[in-house]
Amino acid sequence: TQRQGVNLKHFLRIFIVLSGLFTAHSALADIVLLIHGYQSSGHTWREHGIINMLHANGWYDHGHFTFGPQGVIGPTDRGEQTNAVYTLDLPDEAPIMYQANALNKYLQHVRNLSKDERLILIGYSAGGVVARATMVKHPEHRVAKLITITSPHRGTEAAYFAHILARSPMGDMADWIGLDSLPRSQQLFADLRPEERGNFIYWLNRQPHPWASYISIVRTENRFTGGDMLIPRHSQDLRYVPAIGQRAKVIPTPGDHE
């Protein structure tokens, strides 16, 4: 749609400006991993035209990672030393740390392909929280930059109500009403509840974060959509994460959660 096209152009413009800083440090190219959110997949980045737009601006599609019976399935050769973009599939209904363990395996695979190039993680929605949790648990990957897009870094009321619904009798009837993902996602919803002492988001936000560049792309209010109705603006802002604070940069963009 026209609105989606506008949002893609905003994303691309931001990414290209940021990427101008990526390659100035050395002759090595950089590696970007695009991390999807809840009820999505790595192919979403292709379906919405992101990969093609990045390719037109010097970022090359180096393939897709997923899991099979023998582990990670995907590219086994780094190929030409160009700025590389990879997509991947996560178990998006699983708890955050379970998804982080999966992302860690992908990062291990990528590091085997290239030990010295800078890693940049771009996470959309819950994928941004998964990326940050992975960086906290596995600093050995030396992620240089994290860019999150409308991610619930301080939780969201939407997850709180979804968690209540999943634990209610409605959750038992989920299969009958077309909400079969509801019970499977119960722990994920619990992880993404608004920050309060003792819950997952509270714990994560107070863990030591590795030194990296942190950037949050925040949806702003506008007269057409009212902004992001799922994730509060302050929750998208990495500056409100106590372990990061003013180290983070914020880039406001128009649009809603999608």
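Residues numbered from 1 in each chain as written. Predicted model: local features only at pLDDT ≥ 70, side-chain atom pairs only at ≥ 80, totals over all residues. Heavy atoms only, no water.

Engineer: Account for the packing of aromatic side chains, with residues named and values stated.
Structural biologist: Throughout the structure, instances matching the rule amount to six aromatic pairs. Arranged with centres 5.7 Å apart and planes meeting at 75°, the rings of Tyr-38 and Phe-189 form a pair that is edge-to-face. With Tyr-38 in the loop between strand S1 (31-35) and helix H2 (44-47) and Phe-189 in helix H9 (residues 186-191), this pair connects stretches of sequence that are 151 residues apart. Since its relative accessible area comes to 25%, Tyr-38 is described here as partly exposed. On the accessibility criterion, Phe-189 (9% relative accessible area) is buried. The structure contains a cluster of three or more aromatic residues connected by ring pairs, namely Phe-65, Phe-67, Tyr-86 and Tyr-106. We note Arg-206 situated over the ring of Tyr-202; from NZ or CZ to the ring centre the distance is 3.7 Å. (Phe/Tyr/Trp six-rings, centres within 6.5 Å; stacked < 30°, edge-to-face > 60°. Helix = DSSP H or I, 4+ residues; strand = E, 2+ residues; numbered from the N terminus. Buried < 20%, exposed > 50% of the residue type's maximum accessible area, 1.4 Å probe, protein only. Lys NZ or Arg CZ within 6 Å of the ring centre and 35° of its normal.)

Engineer: Tell me about the packing of helix H4 (residues 96-113) against helix H5 (residues 126-137), residues and numbers included.
Structural biologist: Two numbers describe how H4 lies on H5: the axes approach to 8 Å, and their chain directions differ by 70°. When the axis of H4 is compared with that of H5, the two are roughly perpendicular. As H4 packs across H5, the resulting crossing turns out to be right-handed. When H4 is examined against H5, the residues Ile-96, Met-97, Gln-99, Ala-100, Asn-101, Leu-103, Asn-104 and Leu-107 are found in contact with a partner set consisting of Ala-126, Val-129, Val-130, Ala-131, Ala-133, Thr-134 and Lys-137. (Axes fitted to C-alpha atoms, helices over the stretch in contact; angles between N-to-C directions. Parallel < 35°, antiparallel > 145°, perpendicular 65-115°, else oblique. Left-handed = near helix turned anticlockwise from the far one by under 90°. Contact = heavy atoms within 4.5 Å.)

Engineer: Mind laying out the pattern of salt bridges, listing which residues take part and the relevant values?
Structural biologist: Counting across every chain of the model gives seven salt bridges. The closest approach of N and O atoms between Glu-195 and Arg-154, which form a salt bridge, is 3.0 Å. Placement of the pair is Glu-195 in the loop between H9 and helix H10 (200-204) and Arg-154 in the loop between strand S6 (143-149) and helix H6 (157-167), with a sequence separation of 41 residues. Residue Glu-195 is classed as buried on the basis of its relative accessible area, which comes to 18%. Connected through shared salt-bridge partners, Arg-154, Glu-195 and Arg-206 make up one network. (Salt bridge = Lys/Arg side-chain N within 4 Å of Asp/Glu carboxyl O.)

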